[in-house]
Amino acid sequence: MPASGAGHRAGSRQIGPYTVVTRLDDRSIAPGAVVPEHRFVARSPDGDRTVLLSTPVAGVDGQRFMAEADASRYLLGPWVLPATELAPPGDRPWHARPYVPALPLPTALAVYGGPLPERTVRALGVALAESLAVLHGQRLSHAGLCPAAVLLAADGPRLTCYGAVRAASPEGTPRHGVPGLDAGSLPPEQAAGGQPRPLGDVYALGATLAYAATGYTAPERDELPLVLRSLVPRCLARDPAHRPQLADIVEELASHVVSSPAGSGSAATRAEALLGPGWLPARVVAALAHQSAAVLSAEVELSAPAQARTDPAVAVPRPSH
């Protein structure tokens, strides 16, 4: 699969020191999904490490992209996936994170064949809300939350694409139509050029949960499952002051789950209690297993003699209906 995109030469399978195995986002499986970054699965030169590697989309300032990647290295929380390696100064912009078998949320819906089950959406919402609460406690805003920024792994979601709004356009500049930004998840105050703030993340969270539950970021109220019919419209309020607090979101989605004290041997947070076996539907779990096996197979090919190499492509199974 000749990988192309910002950050490396078209037709080249090299980004920085890494060899591309495949794209993470397959547009043929999830058409129309807006992805704030080009994302790849790639291998280190010695073949010992697999990474998720990102480069900026066309039209995004590379320096701002790298500044956001650098800031993400200090983010805390179990469901965040910050950058751990950055392109050296003067190189084309990229950053890398350890690889975990994961599907972007739009791909997961396509593989499953429609909106995700209520249990999955509840668990996803609680994990994302708890993660955002940690970021806000660090006096940071995510500023790039949208369906494609969420990866689903077997043990829980992973948040990526930090600061996509800030990276895409300077403050004060209207952000409608800016490359890489999902208009359906963009808070109206930020679309107008306002500074990203925590309550903007609440808006984006509501849009992301609506997407997981219906396939749309702004569905009609009666399209939402009962558990979201009050919550999502409040998250999507145009006035930030009318949006719920993250603690209230967790309470509504996990009111039946009792968290346990850390060190007690049981789940320490409500998200951990919800993310047990069965939180993902079997078809999505099977796609994760397929991806992991395909990446391993591609790694074997990458370690073969140069004259015997093929250009590997790793794909998730096409959804069957």
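No experiment lies behind these values; they were computed from the predicted model shown.

About the thresholds
- Residues numbered from 1 in each chain as written.
- Predicted model: local features only at pLDDT ≥ 70, side-chain atom pairs only at ≥ 80, totals over all residues.
- Heavy atoms only, no water.
- Helix = DSSP H or I, 4+ residues; strand = E, 2+ residues; numbered from the N terminus.
- Buried < 20%, exposed > 50% of the residue type's maximum accessible area, 1.4 Å probe, protein only.
- Contact = heavy atoms within 4.5 Å.
- Areas by Shrake-Rupley, 256 points an atom, 1.4 Å probe, with all protein chains shown as cover.
- Pairing = 2+ DSSP bridges.

## Some details on the overall build of the protein
Broken down by element type, the protein carries ten helices and nine strands. Evaluated residue by residue, the protein yields a buried proportion of 54% over its 321 residues. The contacts in the protein between residues at least 6 apart in sequence include a share of 63% that link residues at least 24 apart. As presented, the protein carries roughly 13,600 Å² of accessible surface, and 55% of it is formed by carbon and sulfur atoms.

## Looking at the sheet that holds strand 8 (residues 150-153)
The sheet built from three strands is open, its strands ordered 7-8-9 with antiparallel pairing. Edge positions in the sheet fall to strand 7 (103-104) and strand 9 (156-159), since each has one partner strand and no second.

## Focus on the sheet that holds strand 4 (residues 50-56)
Backbone-to-backbone hydrogen bonds join strands into a sheet, with any given pair of strands oriented parallel or antiparallel. The antiparallel open sheet is built from six strands, whose spatial order is 1-2-3-4-6-5. Each having just a single partner strand, strand 1 (14-15) and strand 5 (85-86) make up the two edges of the open sheet.

## Remarks on unusual backbone geometry
Phi is positive for Ala-143, which is not a glycine, with a value near 70°. On the secondary structure map, Ala-143 appears in the loop between helix 3 (118-137) and strand 8. Backbone geometry places Cys-161, a non-glycine residue, at a positive phi of 60°.

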